[in-house]
Structures are given as C-alpha cells and as structure tokens.
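Tertiary structure, described
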Amino acid sequence: MVSTSPDPQQDRDGRAAAPPAGPARIEAHGIDHIPDSERRGRPRELFSVWAAANVNYLSLVIGGALVLMGLNLWQALAVIVVGNLFWLLTGLLAISGPAAGAPSEVITRAVYGVRGNRVNNAVTGWTISVCYFALNLAAAATAAFALVEKAGIALDTGVQAAVVVLIAAVTLTISVYGHALIVRLYLPITLALTAVFAVVAVYVAGEADLAYAPAVPLTGADLWATVLAGVTLIASGPLSYTTSADFSRYLPRTASPRAIVGWTACGAFLPSVVVCSLGALAATAVDMSDPQSALARMLPGWFEPAFLLALVLGTVAINALTAYSAGLALQAVGLRVRRTVSVLVDGAVAVALTLYALLVSDFLDTVSDVLQLTVVLLGPATAVYATDIVLRRNRYDGPALCDERPGSRFWYVGGFSPAGVFGLGAGVAVAALSVNTLYTGPIAAALDGVDVALPAGMVVAAAVYAGLMRRGGKQVAG
C-alpha cells in the first residue's frame, strides 16, 4: 500500500522539506518525497508544459530531414504522426509521479534497485539529458546568431560564446526556480509560440508542393529502412523524456491517471506534429539542409526576427525541462548537493559541449546520428519503466522509495534488481545489434540494412523484465 503519512521528509541536504514554492520563489524540494499536504494543481496544467517544450527549432530540422532522407511528402507526414505517438508512453510514465509523490529519478529505484538506479541515472538520466541540452542549445544559438547579425553586430567567436552563455543563463534561471515557475510560465509561452507558428504555417503552406516526390522514389528494403529510421528519429524526442513524472509529482494522489496521460501526450503530440510537418512541407519547396536560411527565404523580412525569437524561446522552454530533470538525476546518482547547484553544474557542462558542437561542420548529420543512437538505450529504458508501472498497477510507496539504506524494500540483491538489470541489458544488446546508423549491426545487415533497433529493443526489454518480475512476484508486490 502507498503511504499517506504527512510526516515531513528531508531533502538531500538533511533539511526538513519546505512548503512548495510559488513561481517567484526557488523550489525547495529536490528528489525528496512530496507529502500529500503539499500536492496541488490539475492534470490540464501539463498540456502547456509539454506544448511549450515542443515548438522548437530541432523539430523543424527533423521534419525537413525526413524529406532529405528520400521520403515523399505524404510518407514523411505519416512517419511524423507514427513517431510522435510515442508521446503516449511519456504520458504513461507521468502517472507514476502523483502515485509516488516522487520524481522519475527516484521511482526507478523500484525498477533497478537503489544502487542499480544510480547507474541508470548517471547514464540515462544525466549524461543523455546533458547531451540533449547541448544539442538544443546549439540549435537555439544558431537562430540567435542570425538575430545578432541582423542587429549589425559582427559575429566573432567571443560574441558567439556570449550568446550561448546568455541563452543558457535564461534557461537555467527557469530550471533553478523550478516546478511552480515552469507551470505558470509555460502557458503564455505556448500562446506566444502558437501565434508565431500560425503565421509561419500560412507562408509555408503557400509555397509547399503537396505532390512532392523525390526524383528517384524509394522502394522495397530501402523504403522500409528509411521509414523506420525516420520513426526512430521522431521517437527519440518522446523517448528522451523518461522523466515525465518530474513534472506531475506535485499533483494530488487522486488526480486521474487518464487525464495525466491525455494532457501530457496531447500537449506534446499536437505541437510536435505541427512543427515537424512544417519542416517537411518547407522541404518540398526549399533546401532544408540549411533550415534557418531556407525558411528565411519563405518568410517576409518584417516577420523573420519574430520567428527567430520564437525558435530561441521554444528551445529555452524544452531545455529548462531537460536541465530541471538532469539536476534531479545528479542528486539521484548520489551527489549530495542542493537541486539548484546540480542544475547549474548541468548548465556548465552543456555550455561547454555546445561551444564544441558549434564547430561541427554538418549540424544536420550530427543531429540525426545522435538522436538515432540514443534510442538504443532510451527505447529499452522507457519500455522497462512502462512495464513496471503496468505490473504494479501504478502503486508506489513514495517514502519507501526514498529509503536508500541496505535492506530497504528496494535494495533487492546487493542494491540491484536482477529483473531491471537483465531486462534493460537484454533490450540494449538487441537494439545495439539492430542499428544501422553510425555502424551496421549484424541484425540490420541480415535485414538488408533495415534498422529495427527501436522496436526490437523495446519489445525484448519489456518481455524479459516482465518475465523475471512475474517469476519473482514478491518484487511486483513490493
């Protein structure tokens, strides 16, 4: 049974947990349990949180990339819809937040054990999050550089570095203030971005070629390989949010799970489909290998600054969520610092990676390779987490999850859950053998280059985890 005790918990610094902060105050909670007395809000608030984060430059890039990969327009649009259906899994993971009163970084102790979860958070939770932060920051900086040049400022290395640091500073300020500010701020951000992209949609639709098809259409194995690669590319977005419970954990325990899934998934699915589709539509009329310059030619001069600002704002929104979760992951690894400090550490590392990444000559290929490779780990990790929620019927004991002592309920065997370790390991192994991105795995080679890493890794991970958990039914009950 889930404990409903209102006894005050302690955060990573040993301080008694404070009441939830308002948007003008820095959030006091880190990875500690949120008592029922401090729960607030409604599931519908999650819509704007996820909507604001999915109107961004990277979605335009990915949408255009599908056409560059050789798909015709309607194939690309179908891939966009299918790939974005993975946001349903993000919504499913979010229901564990109110059930446990804890973030995903703590809930997954039930999956991997206390020690095993530290490894999970170090890799899946922190390293990949920081890489995504850097990738999105580089995308935002690209748009900001164009604004700087329009202002007549020479874009030398020093100015570029200053722009990156400024964008990161705004992002980290939101992350440091935390959950209440995110919930309050993201509704007006969503409305502003919707207005800008509505204008973009009008101009893109006016020039798009709805009958577009490549000069040499893809067929057979080549078509399937490209379709699956495209779905993987799109799905990498939702799969990167194995931390969606971070943003739902303040909701009351009685909040409807269906509403949480629906508002989370719809908030992310709808804008992501629209923005990715705009990228694909634009690619039928202009060369999207350089998305920013290509789109600038389609938009009136007076509107371009507003468009560039919207790209930066959308990326700040998505990166604020990423930095927030990465900060919690760093605490869950075992670093005993305040959440504000862990967030700033994330930002410093991401800025360093971004400044390096901006020297990469082919940004589009880098994006594609990074996003497709991360699903080798993120697909199985998402599948195992989702399977655990189903097997436990979303019943989690939040205070017990916060107990890291040897012999505690989620200590399992030496601090590791065999079901979680072997389930994730099996899924990652199969996915790695099925990749056809930076290298061609033996399974992909046997399938004429078709990359089935995403479905194969997720199915195997879920099946192995479920099988081992059912054999050890005591774990499921715990």
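What this report covers is the structure whose coordinates are included nearby. (Residues numbered from 1 in each chain as written. Predicted model: local features only at pLDDT ≥ 70, side-chain atom pairs only at ≥ 80, totals over all residues. Heavy atoms only, no water.)

Along the chain, Thr 190 turns up in helix α10 (residues 179–207). At a separation of 3.1 Å, a polar atom in the side chain of Thr 190 contacts the main-chain carbonyl oxygen of Ser 48. Sequence-distant contacts of Thr 190, defined by excluding residues within four places in its chain, comprise Ser 48, Ala 51 and Ala 52. (Helix = DSSP H or I, 4+ residues; strand = E, 2+ residues; numbered from the N terminus. Polar contact = N/O pair within 3.5 Å; in protein donor to acceptor, adjacent residues only side chain to side chain. Contact = heavy atoms within 4.5 Å.)

The next thing to look at is the packing of aromatic side chains. A complete count under the given rule lists nine aromatic pairs for this structure. An angle of 90° between the planes, with centres 5.7 Å apart, marks the rings of Trp 50 and Phe 247 as edge-to-face. Separated by 197 residues along the polypeptide, Trp 50 in helix α1 (residues 45–52) and Phe 247 in the loop between α11 (220–239) and α12 (257–283) bring together distant segments of the chain. Relative accessible area serves as the criterion here: at 1%, Trp 50 is assigned to the buried category. (Phe/Tyr/Trp six-rings, centres within 6.5 Å; stacked < 30°, edge-to-face > 60°. Buried < 20%, exposed > 50% of the residue type's maximum accessible area, 1.4 Å probe, protein only.)

With six of eight residues buried, α1 is to be regarded as a mostly interior element. Taken together, the buried positions of α1 are Leu 46, Ser 48, Val 49, Trp 50, Ala 51 and Ala 52. Lining the buried residues of α1 we find α4 (87–94), α10, α12 and α14 (304–333).

Quick look at the packing of α10 against α12 now. In the contact formed by α10 and α12, the axes pass within 10 Å of each other and the chain directions differ by 25°. For the element pair α10 / α12, the angle class is roughly parallel. Where α10 crosses over α12, the two elements pack in a sense that is left-handed. Counted together, Phe 197, Val 200, Ala 201 and Val 204 of α10 and Val 275, Leu 278, Leu 281 and Ala 282 of α12 form the full contact between these two elements. Its residues placed into classes, the contact of α10 with α12 shows eight nonpolar, no polar and no charged. (Axes fitted to C-alpha atoms, helices over the stretch in contact; angles between N-to-C directions. Parallel < 35°, antiparallel > 145°, perpendicular 65-115°, else oblique. Left-handed = near helix turned anticlockwise from the far one by under 90°. Nonpolar A, V, L, I, M, F, W, Y, C, P; charged D, E, K, R; others polar.)

As a further point, take helix α15 (residues 339–357). Look at α15: 27 Å from first C-alpha to last across 19 residues, which is about the 27 Å you get at 1.5 Å a residue. Within α15, the full set of buried residues consists of Arg 339, Thr 340, Ser 342, Val 343, Asp 346, Gly 347, Ala 350, Val 351 and Thr 354. In this structure, the buried residues of α15 make contact with α8 (114–150), α9 (157–177) and α14. (Expected span 1.5 Å × (residues − 1).)

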